[in-house]
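Topology and contacts: notes
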Amino acid sequence: MNEQEIINIENKLMANVFAKRPIVITRGRGALVWDINGKEYVDCTGSYGVALLGHSHPKVVEAVCKQAERLISCHAGFYNDMRAEFLQKLVSITPKGLDKAFLSNSGAEAVECAIKLARKFSGKPEIIAMMGAFHGKTMGALSATWDKKYREPFQPLVPEFKHVSPDNLEKVKEAITDKTAAILVEPIRGEGGVRIPPDGFLQGLREICDEKNVLLIFDEIQTSFGRTGKLFACEHWGVVPDVMCLAKPFAGGLPIGITVAKENVMSSLKVGEHSTTFSGSPLVCAAACAAIDVLVGEKLSERAATLGGYFKAKLEELQAKHSIVKEVRGLGLMIGVELRFDVLNILIKALDRGVLILDAGRNVLRFLPPLVIEKEQIDKAISVLDAVLEEEENARSSGTPSD
Ligand SMILES: Cc1ncc(COP(=O)(O)O)c(C=O)c1O
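Below you will find a few notes about this structure. (Residues numbered from 1 in each chain as written. Predicted model: local features only at pLDDT ≥ 70, side-chain atom pairs only at ≥ 80, totals over all residues. Heavy atoms only, no water.)

**Observations regarding the overall build of the protein chain**
Looking only at helices and strands, the protein chain has 14 helices and 15 strands in total. For the protein chain, whose C-alpha radius of gyration is 21 Å, the value lies close to the compact-globule estimate of 22 Å for 403 residues. When its C-alpha atoms are laid out on the principal axes, the protein chain stretches across 60 × 55 × 45 Å. Put simply, the protein chain has 403 residues, and 53% of those count as buried. Long-range pairs, those at least 24 residues apart, make up 71% of the contacts in the protein chain with a sequence separation of at least 6. With the model as given, the accessible surface of the protein chain reaches about 17800 Å², and the carbon-plus-sulfur share is 54%. One finds the centroid of the 49 positive side-chain charges in the protein chain at a distance of 2 Å from the centroid of its 52 negative side-chain charges. (Helix = DSSP H or I, 4+ residues; strand = E, 2+ residues; numbered from the N terminus. Rg over C-alpha atoms; globule rule 2.2 N^0.38 Å. Buried < 20%, exposed > 50% of the residue type's maximum accessible area, 1.4 Å probe, protein only. Contact = heavy atoms within 4.5 Å. Areas by Shrake-Rupley, 256 points an atom, 1.4 Å probe, with all protein chains shown as cover. Lys, Arg positive; Asp, Glu negative; His and termini not counted. Charge placed at Lys NZ, Arg CZ, Asp CG, Glu CD.)

So this is what it looks like as structure tokens:
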């Protein structure tokens, strides 16, 4: 199939729910991907944060091939060696006390499980989430997601969800009632524009939850696995939640969702009350074991801290040079660049020049590159962005903005 045929088939036969970029990616290695014509791109999207170890990490590839020969599927109604090995590795890296897990297939599923768990454990219905939050698009997760463009077409959503203004402990306190089961929060809001909470906010949430006997759930689907320079973002503030939702990079690129909780919390779910057919499949668990080995063995969270500092400093130089850049913010290799206008044009122009960048809302560029990205690849991304911002600035100052 040639490029145009592939594009036509996806457009015709796949639900048109994705904002498509006009390239066909067929190969990837480390922080690079190539399109069907052999053109190379520096992938600062990391497949929306999934390819954190780099594309097709050789150790993940080896583990998947080996396991595929042995056993691909095994329902969680039976025991399995790879699943047991993965669970042990998982709880060896999760914050202390979070040591009982439910395994699923996606971030939204990890959130669904957390919502059910909160209701079952507490016997109460209400979940408090943050304005600006993103937790996924299945009905429960969507009810916790903030953006009305995702929510409105699907009303009525799951009842008893409310949103409070983020980073504001007083508002959280006021929102808690005797029906509140849990507070659900991303330690750093990803889709919401890469927003880092003020110091004291997450600690304050922990104190409020302890005082009011409410569960604290962290959605670390985008922020975990070393992304921010620590294995889990909550470690920056020394706060341990009662339940944590994980997904994206945990299986080295294969689909996975994980809800990990304190033992007494997870044990409130009884046989049959929650399940999914693919829970803890041997193939995915083999990939996830290899992924944890690579993450820890190659000290990738430390690399994220160092390279993230380098990347952010370079972006700050661009901010000093281009007045259309409003703010640069981030931790490790999770970085947002807020512009004074819509970013779509910048994304398309950067893609043309071989750099893939994500957005986060209308006016924020988001960088979630693989943690194995090389300094020279960061330099390429910076020089492309520099040129594209310059072009956009010139177009705007001459009164002919190109978007
Ligand atoms: C913080 C957060 N929660 C939940 C999700 C949903 O994950 P998935 O798309 O795997 O369902 C995402 C996805 O981007 C996310 O960033």
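**Focus on the sheet that holds strand 2 (residues 32-35)**
As summarised here, the arrangement of the four strands in space is 1-2-3-13, forming an open sheet in which the pairing is mixed. Looking at strand neighbours, the two that pair on one side only are strand 1 (25-29) and strand 13 (355-356), the edges of this open sheet. Pairing geometry for strand 3 (residues 40-43) and strand 13, over two bridges, is parallel. Across the sheet, the residue bridging to Asp 43 is Leu 356, located in strand 13. (Pairing = 2+ DSSP bridges.)

**Observations regarding the environment of Gly 38**
Summarising the element assignment, Gly 38 is placed in the loop between strand 2 and strand 3. Each C-alpha atom, one on Gly 38 and one on Thr 26, is 8.8 Å from the other, the two residues being 12 residues apart in sequence.

**Some points on the site of the ligand**
Looking at the ligand, the residues that line it are Ser 106, Gly 107, Ala 108, Phe 134, His 135, Gly 136, Glu 186, Asp 219, Ile 221, Gln 222 and Lys 248. Gly 107 places a polar main-chain atom, nitrogen or oxygen, 2.8 Å from an oxygen atom of the ligand. In this structure, Lys 248 approaches the ligand through a side-chain N or O atom, which is 2.9 Å from an oxygen atom. If the ligand stood free it would expose 390 Å²; the protein chains cover 82% of that surface. Looking at the shell around the ligand residue by residue, the classes come out as three nonpolar, five polar and three charged. (Near = heavy atom within 4 Å. Polar contact = N/O pair within 3.5 Å; in protein donor to acceptor, adjacent residues only side chain to side chain. Nonpolar A, V, L, I, M, F, W, Y, C, P; charged D, E, K, R; others polar.)

**Some remarks on the side chain of Thr 94**
Considering the arrangement of structural elements, one finds Thr 94 in the loop between helix 4 (81-93) and strand 4 (98-104). A polar side-chain atom of Thr 94 sits 2.8 Å from the main-chain carbonyl oxygen of Leu 98. In contact with Thr 94, other than residues within four places in its own chain, are Phe 232 and Val 260.

**Digging into the packing of aromatic side chains**
Scanning all chains against the criterion turns up four aromatic pairs. Geometrically, the ring pair formed by Phe 134 and Tyr 150 is edge-to-face, given 5.7 Å between the ring centres and 70° between the ring planes. In this pair, Phe 134 sits in the loop between strand 5 (126-130) and helix 6 (139-144) while Tyr 150 sits in helix 7 (residues 148-151), placing the two residues 16 residues apart along the sequence. A connected cluster of aromatic rings, assembled from ring pairs, spans Phe 225, Phe 232 and Phe 250. Positioned above the aromatic ring of Trp 34, the side-chain terminus of Arg 27 is 4.3 Å from the ring centre. The ring centre of Tyr 310 lies 4.7 Å from the NZ or CZ of Lys 375, which sits over that ring. (Phe/Tyr/Trp six-rings, centres within 6.5 Å; stacked < 30°, edge-to-face > 60°. Lys NZ or Arg CZ within 6 Å of the ring centre and 35° of its normal.)

**Some words on the layout of surface pockets**
Here the second largest pocket is characterised by a volume of approximately 890 Å³. Contributing to the lining of the second largest pocket are 26 residues, with Ala 76, Arg 83, Ala 101, Phe 102 and Ser 279 lying nearest its centre. For the lining of the second largest pocket, the secondary structure elements donating two or more residues are helix 4 and strand 4. By residue class, the composition of the lining of the second largest pocket is 12 nonpolar, nine polar and five charged. (1 Å grid on protein atoms, 1.4 Å probe; cavity = no way out; pocket = protein on both sides within 12 Å on 5 of 7 lines; lining within 4 Å. Points joined across faces, edges and corners; volume = space filled by probe spheres on them.)

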